[in-house]
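Summary of the model geometry
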Amino acid sequence: MYKISELIKGELCFFPELGYGFYPVPPDRPYDENYFEKYQKLAATDMGREITQSRMDLVNRHYSGELCDVGIGCGQFVESMGCYGYDVNSAGIEWLKKRNKYRDIYRAPVGALSFWDVLEHIDEPEKAVAMAKEWVFVSIPFFEGAEHITRSRHFRKDEHIHYWTHEGFIRWFSLNGFKCEEFNDTESELGREGIRTYAFRRVRDANQIATS
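In this text, all values refer to a predicted model and were calculated from it rather than measured experimentally.

**Some remarks on the overall build of the protein chain**
Scanning the protein chain from N- to C-terminus turns up 10 helices and 9 strands. The 212 residues of the protein chain split such that 48% are buried. Relative to all contacts within the protein chain whose residues are 6 or more apart in sequence, the contacts with residues 24 or more apart total 59%. In the structure as shown, the protein chain presents an accessible area of about 11,300 Å², 50% of it carried by carbon and sulfur atoms.

What follows is the structure, given as C-alpha cells:
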C-alpha cells in the first residue's frame, strides 16, 4: 500500500487557490549540447526570428539599460539584443564566454532580467527574480487548472517544475514585489500553443520582501 504522502512526491500537485502547480522534476535534466542545437534549429526559422523580435519589442517598450537573458536557448536573443546572458547548460555557458557575454545573475543584481520559456525550469524562481532591480520579462505557458496541465504539450516531466494560471502568475510576482505592466499573446498568435508574455516592474525592494 502506498501512502498518499509518498505517492505525491512523484506526481503533479496543483493548488487552485494559488493558481499554481508543482511537479518534482528529477535533478538529471536534458540541458546539454543536443539541447542547445535543438534551439538553434528552432531559432533559424521565420517564426523563431519573429518571436525574438517580439521579445525585443516588449523589452524596448518598457526598459532601456542593463539586461541579462536567463536561459539563453541558442543565444539568438542575446545576440540580437546585445545583452548579457546566464545559463546552466555547459554549451550555453561556453557560447556566452566566447563572446564575453556571460554574467552570473546570482553574484549581483541586474537592472532587468528576461526569462524566455525558462522560469518554469528553475528550482527556486523567487531567488532568480529577486536579482532584478527594475524589470523582469517572461514568456511562459499558462494554464486553466490541473486538468489543462496534464493534457498540455507543455507538461514536461523532465523539464517543467512550475505551472501557473494567468491570475496565479501575476499574484506570485506581486508577492515577490512586482507589478504586471503588460501581458500579451503575441507568441501564441505567431504559432506557439498557450504561451503568454509578460512585463513586470519592481515596486518593492527585494530586501523589504525578504524581511516582511
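**Looking at helix α2 (residues 33-43)**
Because an α-helix packs 3.6 residues into every turn, residues spaced three or four apart end up facing the same way. Y35, F36 and A43 are the residues of α2 that are buried. An end-on view of α2 places all buried positions within 100° of arc, on one side of the element. In α2, the exposed positions angled more than 90 degrees off the buried face are occupied by N34 and K41. Considering only its buried residues, α2 is in contact with α3 (46-62), α4 (76-81) and α5 (90-98).

**Observations concerning the sheet that holds strand β1 (residues 13-15)**
Strand order in the open sheet formed by 3 strands is β1-β2-β7, and the pairing between neighbours is antiparallel. One side of each edge strand has no neighbouring strand; the edge strands of this open sheet are β1 and β7 (162-164). Within this sheet the neighbouring strands show an average axis-to-axis angle of 15°, counted without direction. Bridging between strand β2 (residues 20-22) and β7 involves 3 bridges; their strand directions are antiparallel.

**Let's talk about the side chain of D69**
Take D69: it is sitting in strand β3 (residues 67-70). Buried and unpaired, D69 has no salt bridge, with R55 as the nearest side chain of opposite charge at 6.9 Å. Here S114 takes part through its side chain, which lies 2.7 Å from a polar atom of the side chain of D69. The contact partners of D69, leaving out residues within four places of it in the chain, are F77, V78, C83, Y84, G85, Y86, S114 and W116.

**Observations regarding the pattern of salt bridges**
Scanning all chains against the criterion turns up 14 salt bridges. Taking the shortest distance from any N to any O, the salt bridge between R49 and D46 comes out at 3.0 Å. Taken as a pair, R49 and D46 lie in helix α3 at a separation of 3 residues, close to a single helical turn. Its salt-bridge partner being K127, residue E124 comes within 3.2 Å of it at the nearest N-O pair.

**A closer look at the packing of aromatic side chains**
Note on aromatic pairs: each is described by the distance of the centres and the angle between the planes. Evaluation of the coordinates by the stated rule reveals 21 aromatic pairs. Geometrically, the ring pair formed by F15 and Y20 is stacked, given 6.4 Å between the ring centres and 10° between the ring planes. Overall, the relative accessible area of 40% leaves F15 in the partly exposed class. In this structure Y20 comes out as buried when scored by relative accessible area, which is 17%. Judged by centre distance (5.0 Å) and plane angle (65°), the rings of F169 and Y198 are edge-to-face. You can see F169 sitting in helix α8 (residues 166-175) and its partner Y198 sitting in strand β9 (residues 195-202), a full 29 residues away along the chain.

**Observations regarding the nonpolar core**
With 25 residues, the main nonpolar core has L113, F115, L119, V136, F169 and F173 as its most contacted residues. Elements that contribute at least two residues to this core include exactly β3, β5 (110-116), α6 (125-129), β6 (132-141), α8 and β9. When residues of this core are assigned to their parent elements, the largest contribution, 4 residues, is made by β6. Dropping the residues within four chain positions of it, F173 is found in contact with L119, V129, V136, V138, F178 and F200. Counting 20 residues, the second-largest nonpolar core is a separate cluster that includes F36, L58, V59 and F137.

Cut-off values and rules
- What you see as residue numbers is a count from 1 along each chain, following the sequence as written.
- Local features are withheld for residues below a pLDDT of 70 in this predicted model, meaning they are given only at 70 or higher, and side-chain atom pairs are given and counted only at 80 or more; totals for whole chains, interfaces and linings count all residues.
- Side-chain numbers here rest on the full set of heavy atoms in the structure, without hydrogens or water.
- Going along the chain from the N terminus, every DSSP run of H or I of four or more residues is numbered as a helix, and every run of E of two or more is numbered as a strand.
- Accessible area is worked out with a 1.4 Å probe on protein chains only. A residue is then buried under 20% of its type maximum, exposed over 50%, and partly exposed in between.
- Whether two residues are in contact is decided by their heavy atoms: any pair within 4.5 Å suffices.
- Each accessible area is a Shrake-Rupley estimate made with a 1.4 Å probe; only the visible protein chains count as cover when residues are assessed.
- As used here, the arc belongs to the directions running from the helix axis to the C-beta atoms.
- By the convention used here, strands pair only if DSSP detects at least 2 bridges between them.
- For helices, the fitted axis covers only the stretch in contact; all axes are lines through C-alpha atoms, and the angles between them, taken along N-to-C directions, range from 0 to 180 degrees.
- Positive charges come from Lys and Arg, negative ones from Asp and Glu, while His and the chain ends are left out of the count.
- Every case where a carboxyl oxygen of Asp or Glu lies within 4 Å of a side-chain nitrogen of Lys or Arg is listed as a salt bridge.
- N or O atoms within 3.5 Å of each other form a polar contact, as long as, within protein, one can give a hydrogen and the other can take it, and as long as residues adjacent in sequence are counted only when both atoms are side-chain atoms.
- Classification of ring pairs rests on two measures: the distance between centres of Phe, Tyr or Trp rings, Trp counted by its six-membered ring, which must be within 6.5 Å, and the angle between planes, read as stacked under 30 degrees, edge-to-face over 60 and tilted in between.
- Here the nonpolar core consists of buried residues drawn from Ala, Val, Leu, Ile, Met, Phe, Trp, Tyr and Cys, with membership extended through side-chain atoms lying within 4.5 Å.

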